[in-house]
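Below, each chain spelled out in residue letters.
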Amino acid sequence: MSTTVTTRLSPEIFRLPVQRIRDGYYSDAYFVLTKELLQDEGERPHVTMQVFQKQESVLGGIDEAIAILKTCSGHYSPDGEWVDGWDRLTVHALHEGDRISPRETVMTIEGDYSLFAHLETVYLGSLARRSLIMRNVREVVEAARGKEIFYFPARHDHWLVQTGDGWSAHVAGAIGVSTDAQASWWGGRGIGTVPHGLIAAYGGDTVRAATLFADRFHAEMNVTVLVDFVNDSVHTALEVASALGPKLWGVRLDTSEQLVDRSLFEEMGGFTPTGVNRRLVEKVRGALDGAGFPDVKIVASGGFTAERIREFEALGVPVDAYGVGSSLIRGNNDFTADVVLLEGKPCAKTGRWFSPNPRLQPVT
């Protein structure tokens, strides 16, 4: 289950493009111009910036946002040398994995606005992306009622987001991620299954591909095998279990939502037979148990969402774990930053005001 992480990640782990962030390369131009104008005019407004979002959510990306402030706040001296600004700022923030309420203040930044005006786009973007992943993963973890969740959306998004997204999924309670990049921030490794591509490379022979894979890698990982290549999941699961024996951790059901597994051809009527459905899982579980393989796990994947997992759990479908992909990176969780105090006095746009949060912790 997910948890709050009270030890903050070091800025070094994020491998930030510090020079480009300082230069405003990733920032909305108007923030860069704001910083430039304030500095050129000799203005040093002492402000309190307040950051919040508008949903019931889970906070992610806060350590990355802090790292951006620590390494990229400041200004260039007349001779072109960078002068760090972090020691002139006072920052308070919640922690990775904290549950947050709509409009709850998650971070405040107090100090000379010209030192950090150019960073708003970057730290808000980090918060938005990572909190989206945190919230979505937390939802499926809770829907699964303690069963394992495997985080599988890497192929559905740009590779550059993997490291931070994987960390967010880990904090939110995912038991495994599929790439080493996703697991890198806590020193883990990617997990996976015997894929369709390897099965195809061995002429569609799932047993042969699985046997060779297990012989090579079973000491390093829990071997899980996709069993839908020939659309006969019950038969293939039994073949794989018989061939691999104790080297097999689990079978993964991944039948396309446009197909009906062969094992259901005689049972259609009264339920939706396509894809990975309750009856297919029950038939695979029954066949494995009946053949003496009760310890082989069943992983269900293919279009799973929190809603669908809740439905499976309510029905008591005998799934041991869920592989969830693209649904975990969909949606939005936008953050907003407002100047709410100027020189310690209220100064916010209409409809916004200083909202102190006793949960915030000082950041050193």
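Predicted, not measured: the structure shown is a model, and the values here were computed from it.

## Looking at the overall build of the protein chain
And step 1. On a plain count of helices and strands, the protein chain comes out with 11 helices and 16 strands.
And step 2. For the C-alpha atoms alone, the extent of the protein chain along its principal axes is close to 80 × 40 × 30 Å.
And step 3. The buried share of the protein chain, reckoned over its 364 residues, is 51%.
And step 4. Accessible surface for the protein chain amounts to roughly 17000 Å². Of this, 51% is attributable to carbon and sulfur atoms.
And step 5. Both charge centroids of the protein chain, one from 36 positive and one from 47 negative side chains, sit 3 Å from each other.

## Observations regarding the pattern of salt bridges
And step 1. Enumeration over the complete set of coordinates arrives at 21 salt bridges.
And step 2. A salt bridge links R285 to D320, with the shortest nitrogen-to-oxygen separation between them at 3.6 Å. In this pair, R285 sits in helix α10 (residues 278–290) while D320 sits in the loop between α11 (306–315) and β13 (321–324), placing the two residues 35 residues apart along the sequence.
And step 3. Its relative accessible area of 28% is what places D320 among the partly exposed residues.
And step 4. It is possible to trace a salt-bridge network through shared partners that takes in E64, R129, R130, D157 and D165.

## What about unusual backbone geometry?
And step 1. Of note in this structure, R15 is not a glycine but carries a positive phi near 50°.
And step 2. Despite not being glycine, E343 shows a phi value in the positive range, around 55°.
And step 3. Here E343 shows up in the loop between β14 (335–342) and β15 (345–346).

## Concerning α10
And step 1. The end-to-end C-alpha separation of α10 is 18 Å, in line with the 18 Å expected for 13 residues at 1.5 Å each.
And step 2. Among all positions in α10, only L280, V281, V284, R285, A287 and L288 are buried. For α10, the arc enclosing every buried residue in end-on projection is 165°, short of the 170-degree limit, so these residues lie on one face.
And step 3. Residues of α10 that are buried in the fold lie against α9 (233–244), β11 (248–253), β12 (297–301) and α11.
And step 4. Where α10 begins, the side chain of N277 points an oxygen toward the backbone nitrogen of R279, at a separation of 3.1 Å.
And step 5. Positive backbone phi, approximately 90°, marks G292, located one or two places after α10.

## A closer look at the nonpolar core
And step 1. One finds M107, Y123 and Y322 to be the most contacted residues of the largest nonpolar core, which totals 99 residues.
And step 2. Sorting elements by how many residues they give to this core places helix α4 (residues 120–143) first, with 11 residues.
And step 3. Setting aside anything within four residues of it in sequence, one finds Y322 in contact with A144, K147, E148, I149, F150, V299, A300, F304, I309, F312 and E313.
And step 4. Among the nonpolar cores identified, the runner-up in size contains five residues, and F152, W249, V299 and A321 belong to it.

## Concerning the environment of D23
And step 1. Among the structural elements, D23 can be located in the loop between α1 (18–22) and α2 (29–40).
And step 2. C-alpha separation for the pair D23 and G351, spaced 328 residues apart in sequence, amounts to 32 Å.
And step 3. The residues touching D23, leaving out its near neighbours within four places in the chain, are V32 and Y76.

## Side note on the sheet that holds β13
And step 1. In space, the six strands of this open sheet follow the order β9-β8-β13-β12-β11-β10, with parallel pairing throughout. A single partner strand is all that each edge strand has here, and the edge strands are β9 (176–177) and β10 (223–226).
And step 2. Relative to β12, β11 is paired through four bridges, and the arrangement is parallel. Bridging from a neighbouring strand, R252 pairs with V299 of β12.

## Observations concerning the packing of aromatic side chains
And step 1. Under the definition given, this model contains 11 aromatic pairs.
And step 2. Summarising the aromatic geometry, the rings of Y113 and F116 are spaced 5.5 Å apart at their centres and angled 80° between planes, so their arrangement reads as edge-to-face.
And step 3. By relative accessible area, Y113 is classed as buried at 13%.
And step 4. Centre to centre, the rings of F213 and F217 are 5.0 Å apart; their planes meet at 55°, and the pair counts as tilted. Residue F213 and its partner F217 are located together in helix α8 (residues 206–217), separated by four residues, close to a single helical turn.
And step 5. The class for F213 is buried, based on a relative accessible area of 14%.
And step 6. Among the aromatic residues, those joined into a cluster by ring pairs are F150, F152 and W249.
And step 7. The ring of Y25 carries the charged tip of R20 above its face, separated from the ring centre by 4.0 Å.

What counts, and where the lines are drawn
Residues numbered from 1 in each chain as written. Predicted model: local features only at pLDDT ≥ 70, side-chain atom pairs only at ≥ 80, totals over all residues. Heavy atoms only, no water. Helix = DSSP H or I, 4+ residues; strand = E, 2+ residues; numbered from the N terminus. Buried < 20%, exposed > 50% of the residue type's maximum accessible area, 1.4 Å probe, protein only. Areas by Shrake-Rupley, 256 points an atom, 1.4 Å probe, with all protein chains shown as cover. Lys, Arg positive; Asp, Glu negative; His and termini not counted. Charge placed at Lys NZ, Arg CZ, Asp CG, Glu CD. Salt bridge = Lys/Arg side-chain N within 4 Å of Asp/Glu carboxyl O. Expected span 1.5 Å × (residues − 1). Arc of directions from axis to C-beta. Contact = heavy atoms within 4.5 Å. Polar contact = N/O pair within 3.5 Å; in protein donor to acceptor, adjacent residues only side chain to side chain. Core = buried A, V, L, I, M, F, W, Y, C linked by side-chain atoms within 4.5 Å. Pairing = 2+ DSSP bridges. Phe/Tyr/Trp six-rings, centres within 6.5 Å; stacked < 30°, edge-to-face > 60°. Lys NZ or Arg CZ within 6 Å of the ring centre and 35° of its normal.

By themselves these figures say nothing about function.
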